[in-house]
Amino acid sequence: MSTYDLAVVGGTLVDGSGLPRRRADVMVKDGKVAAIGFAEEGAADRTVDATGLVVSPGIVDPHTHYDPQLTFEPYATSSCFHGVTTVLAGNCGFSVAPTKVADRPYITQMFARVEGMSAAALDGLPWDFETFPEFLAARKGRLGVNMACYIGHSAVRRWVMGDAAFEREATDDEIGEMVGIVTEAMAAGAAGFSSSHAPTHWDSANRPVPSRLSSLKELKALVAAAGRANAGTIAYLPEGAIGGLQADDEQLLIDLSLAARMPVIIQGLGARSKVDAPTAGWDNAKRFVDDATDQGAAVYSLMMARPFNRTFTLAEGTTLYEGVLELNRIFTEAKTVPERMAMALDPAFRAAVRGSVRNPNKDAAKGPTLPPPNWDVLHVNTVARAEHERFVGRSLADLAAEEVKAEEDVLLDLAVAEELQTEFVWRTETPAWREGTRIAQLDPHMIIGTSDGGAHLDRDDGAESSSYFLRYWVREWGAWTLEEGIRQLTQWPAALCGFSDRGMVRPGFAADLMVFDPDTVGPAEKGVVHDFPNGEARYVSKPEGMKATIVNGVPIVMDGELVGDGALPGQVLRPEG
């Protein structure tokens, strides 16, 4: 009989600790790393040849929205293609459980609006649960990757308050019932508690999502209830998450961490939103997190270390201009191409929208406050007519200066000339973005590589953030050594989230591994596929240079493709300490 179930041989081990790499084989037994060193020929039932490649821990992604998708697609594609072995779902206050039978349509449309998921695809949810403990229990034995999940505030409010959840604050009795639900979820193994007061979060009926109606009294009570489990984290978006943290936000974050005695994870520290570089606001942001640390509060921020490249046409529509209320009417009020053409040509509409992108809505009472793309990072990507080829690759800011027009007129004129088929692209990568991101990611309060996986499949797939990080920030730009870069993606988030046997390749640790070529790893293919329930479309991305993704000792991806043997080695993880 073989001594081991699996041996990964011939590779260079980067073990996630930050220590220098070394030549070593990794042997696996019963889902655990059994030995590191030299694998005798025939010692394992299965062998993965890693000659010339790096063997490292699988990536731990602490910010995803995979909880709906994992109920019908167990491998968390596309993230697993990029070396991700553990996903933490239920972020931003949006978890698929708890959900009563009567509330399933509401939860579905909320995910569809806020997280860019297809409502028709979400019809594929098996709904084999109502409560949060039932949701976790139903996932056991049905996962291709490891999953941990927050219990989301909006789902909890909806369960307790029904339609009143997006109308008013909770009563003391309702808060007490919510505390009981959160306590029950934490006992069942929830990763923590997530919530949002971010003014960008609206449901499909243009109402604030339920968590936004909660009082601070309610929020603090639920955070404290989660903290009594003595394990996990709090994921929270304060009102200032968009536009910049204010003094009240800072004090609240400190209070929440101290009340829960848990780390609090936010987004967009030092920037106007999570997709911008922490540039002008970074010094103040660093002052805040250092002050929080001095007071014994642990406040961390997710770091978008991969730029956005989001495309859209006026024919298909986009959600990028939700915070520009007048301009966004062309997507919300005009549904067909002829209707949008007519609105784009209407002089009254033109007059109303000129200058609006530079002055987006900042009053949450009036509607979404999502910051739009700035004109200098919005470019013409493709055109439908040969005479417009000269515009491809140029920013709307440049074209407006050249034509002495308002940028909104340039956008609409070009689109109308091509029956709204012109494709525009929002590229956030600029010299300022790169420099600001380089500086901020070195701070220990920043969490790198978070993908938002499972969300926004209508416009982009953030799952490639890890392979982007390894190619650019590690290999090409040298912001990190390979050893430290791997630690940032593996051991660092595993330790923060309380996954005590993940994130390093050590005897006794779970055998979550990725095998890759450090000289070629990076994003590669991206395209639309129709493989979700009801034939719904989504973006899928594939990397290059990724040999294998191994979950609890079982390869699930080899050479860029799912193994296809039906193996479901993923586990439901619960935090420890």
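Residues numbered from 1 in each chain as written. Predicted model: local features only at pLDDT ≥ 70, side-chain atom pairs only at ≥ 80, totals over all residues. Heavy atoms only, no water.

Caption draft 1: Geometry of the packing of aromatic side chains. In this structure the tally under the stated criterion is 13 aromatic pairs. Ring plane angle 75° and centroid distance 6.3 Å describe the contact between Y468 and W477, whose orientation is recorded as edge-to-face. Classification of Y468 as buried rests on a relative accessible area of 7%. Relative to W477, the ring of W473 lies with its centre 4.7 Å away and its plane at 80°, an arrangement referred to as edge-to-face. A relative accessible area of 1% places W473 in the buried class. Grouping aromatic residues by their ring pairs yields a cluster made of W433, Y468, Y472, W473 and W477. (Phe/Tyr/Trp six-rings, centres within 6.5 Å; stacked < 30°, edge-to-face > 60°. Buried < 20%, exposed > 50% of the residue type's maximum accessible area, 1.4 Å probe, protein only.)

Caption draft 2: How the structure looks around unusual backbone geometry. Geometrically, the link from T77 to S78 is a cis peptide bond, its omega value of 20° lying close to zero. In this fold, S78 is placed in the loop between strand 8 (59-61) and strand 9 (84-89). The step from A97 to P98 runs through a cis peptide bond, and the omega angle for that step is 5°. Tracing the backbone through its elements, the reader meets P98 in the loop between strand 9 and helix 1 (104-114). In the Ramachandran plot, R261 falls in the positive-phi region, its phi being about 50° despite a non-glycine side chain. Inspection of the secondary structure puts R261 in the loop between helix 7 (247-260) and strand 14 (264-267). Residue R261 is classed as exposed on the basis of its relative accessible area, which comes to 79%. Despite not being glycine, V404 shows a phi value in the positive range, around 55°. With respect to the helices, strands and loops of the structure, V404 is situated in the loop between helix 12 (396-403) and helix 13 (407-417). Residue classification places V404 among the exposed residues on the basis of a relative accessible area of 71%. (Helix = DSSP H or I, 4+ residues; strand = E, 2+ residues; numbered from the N terminus.)

Caption draft 3: Structural view of the sheet that holds strand 8. Spatially, 3 strands are ordered 8-9-10 in an open sheet, and the strand pairing comes out parallel. Both outer strands of the open sheet, strand 8 and strand 10 (146-149), are each paired with one neighbouring strand and no more. Put simply, the sheet's adjacent strands are angled 15° from each other on average, direction ignored. Relative to strand 10, strand 9 runs parallel, the two sharing 4 bridges. Residue A89 lies in a different strand from strand 10, and its bridge partner there is C149. (Pairing = 2+ DSSP bridges. Axes fitted to C-alpha atoms, helices over the stretch in contact; angles between N-to-C directions.)

Caption draft 4: Spatial organisation of helix 7. Under the 1.5 Å per step criterion, the end-to-end length of helix 7 is 20 Å for 14 residues, consistent within 8% with the ideal 20 Å. If you check which residues of helix 7 are buried, you get D249, E250, L252, L253, I254, L256, S257 and A260. Where helix 7 is buried, its residues meet helix 6 (216-227), strand 13 (233-237), strand 14, helix 8 (282-294) and strand 15 (299-303). Just downstream of helix 7, R261 is the residue with a positive phi angle, here 50°. (Expected span 1.5 Å × (residues − 1). Contact = heavy atoms within 4.5 Å.)

Caption draft 5: Representation of the packing of helix 12 against helix 13. Relative to each other, helix 12 and helix 13 sit at 100°, their axes nearing to 9 Å. Between helix 12 and helix 13, the interaxial angle falls into the category roughly perpendicular. Between helix 12 and helix 13, the residues in contact are L396, A397, L399, A400 and E403 and E407, V410 and L411, respectively. (Parallel < 35°, antiparallel > 145°, perpendicular 65-115°, else oblique.)

Caption draft 6: Up close: the sheet that holds strand 13. What the 6 strands build is an open sheet, ordered 11-12-13-14-15-19; its pairing is parallel. Here the strands that pair on one side only, and so sit at the sheet edges, are strand 11 (151-152) and strand 19 (446-448). Across 3 bridges, strand 15 lies against strand 19 in parallel orientation. For M303, the partnering residue across the bridge sits in strand 19 and is I448.

Caption draft 7: Inspection of the environment of T233 at higher detail. Structurally, the position occupied by T233 is in strand 13. In this structure the C-alpha to C-alpha distance between T233 and A190, which are 43 residues apart in sequence, comes to 9.7 Å. When near neighbours in sequence (up to four residues on either side) are disregarded, T233 contacts Y150, A191, G192, F193, M262, P263, I265, L496 and C497.

Caption draft 8: Geometry of the nonpolar core. In this structure, F193, I234, L269, F288, F469, L470 and F516 are the most contacted members of the largest nonpolar core, which totals 103 residues. For I234, the contacting residues outside a window of four places in its chain are F193, V223, A226, A260, M262, P263, V264 and I265. Within the second largest apolar cluster, 35 residues are counted, among which are W375, V380, F391 and W426. (Core = buried A, V, L, I, M, F, W, Y, C linked by side-chain atoms within 4.5 Å.)

Caption draft 9: How the structure looks around the side chain of T313. Here T313 shows up in the loop between strand 16 (309-312) and helix 9 (325-332). With relative accessibility at 6%, the residue T313 sits in the buried group. In this structure T313 touches L420, Q421, T422 and E423, once residues within four positions along its chain are discounted.

On their own, these measurements won't tell you what the molecule is for.
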